[in-house]
Each structure stands twice: as C-alpha cells, then as structure tokens.
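Here is how the chains run, residue by residue.
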Amino acid sequence: QVQLVESGGGLVQTGGSLRLSCVATGRAFSRYAMGWFRQAPGKEREVVAAVSWSADETYYVDSVKGRFTVSRDNAKNTVYLHMKSLEPSDTAVYFCVADSRGVSGLKSPRYWGQGTQVTVSS
C-alpha cells in the first residue's frame, strides 16, 4: 500500500500564495503519476493538476491554469502544488493522488491522501 500525506494548507488572503506538499510512503513508489484533487464545500471533487512520473506531461483544470504549478521530486517521493494569486473559489480540501497508470489514470486514482484544508479569505 502507498500512503500519501499532504501538508502546507492553511488560511491565506485573496491574492496570496501557498505551496502544498505530498509525501508518498510505503512500498516502492516509482513511475507513478501524481496530482491533486480538491473538494469545495457542497461540490464534487475535481482534479486540479497532475504530472506524469517523468514530468513530461501535465494537466491543469482551466480555472487554475496560469496560477497553479504542479511539480515533483521523485527522489523524495514528493509532489508539490504551488498556488499563487489565490481566490476565494480556491477554498477547498486538497487531496494528493497517485496512480501507476499515468496521468490518464488519475481520473480515478488508486491512492488518495487524507487532504489538507486551503482557505482563501476575501
């Protein structure tokens, strides 16, 4: 089993920045696509960003494109989500996800973290 642990969430004001981190622990964690989902109050979970193992493929939902950057450090089994120009609509629980099937597999990820709360005040 792979365990994903997110950190870096918190309360920021509109226009601020935040960096989320997710560390994978457990068995070997190689060639996994990783990314981030989020779930706002009363809304469905949506994929925010994803990156392939080699980082040659990325995905961003339109609402965050240009503001969020996903990156990874495979030596540390860690994926990051750097968020800037945050808006109240970004308020959500952010979940780290991983899947060995590549970016396309993150439509239905095999592994999920517990989530970290991001709150953007207006």
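Above this note sits the structure.
Residues numbered from 1 in each chain as written. Predicted model: local features only at pLDDT ≥ 70, side-chain atom pairs only at ≥ 80, totals over all residues. Heavy atoms only, no water.

1. Quick look at the nonpolar core
Item 1. Of all hydrophobic cores here, the largest spans 30 residues; its most connected members are L4, W36, V48, L81, M83 and Y94.
Item 2. Elements represented by at least two residues in this core include exactly strand 1 (2-7), strand 3 (18-26), strand 4 (33-39), strand 5 (46-51), strand 7 (68-73), strand 8 (78-83), strand 9 (92-99) and strand 11 (116-121).
Item 3. Non-local contacts of L81, meaning those with residues more than four positions away in its chain, are made with L18, R19, L20, W36, V48, A49, F68, T69, V70 and Y94. (Core = buried A, V, L, I, M, F, W, Y, C linked by side-chain atoms within 4.5 Å. Buried < 20%, exposed > 50% of the residue type's maximum accessible area, 1.4 Å probe, protein only. Helix = DSSP H or I, 4+ residues; strand = E, 2+ residues; numbered from the N terminus. Contact = heavy atoms within 4.5 Å.)

2. What about the packing of aromatic side chains?
Item 1. Under the definition given, this model contains three aromatic pairs.
Item 2. On the numbers, 6.0 Å between centres and 40° between planes, the contact of Y32 with Y111 is tilted. Remark: Y111 occurs in strand 10 (residues 111-112) and Y32 occurs in the loop between strand 3 and strand 4; sequence separation between them is 79 residues.
Item 3. Residue Y32 is classed as buried on the basis of its relative accessible area, which comes to 11%.
Item 4. Overall, Y111 belongs to the buried group, its relative accessible area being 13%.
Item 5. Taking 4.8 Å as the distance between ring centres and 50° as the angle between the ring planes, the aromatic pair formed by F37 and W112 counts as tilted. (Phe/Tyr/Trp six-rings, centres within 6.5 Å; stacked < 30°, edge-to-face > 60°.)

3. Some points on the pattern of salt bridges
Item 1. The final tally for this structure, using the stated rule, is five salt bridges.
Item 2. Between R38 and D90 there is a salt bridge, and its shortest N-O distance comes to 3.0 Å. Here the residue R38 occupies a position in strand 4, and D90 occupies one in the loop between strand 8 and strand 9, the gap between them amounting to 52 residues. Each member of the pair, R38 as well as D90, carries the same accessibility label: buried. (Salt bridge = Lys/Arg side-chain N within 4 Å of Asp/Glu carboxyl O.)

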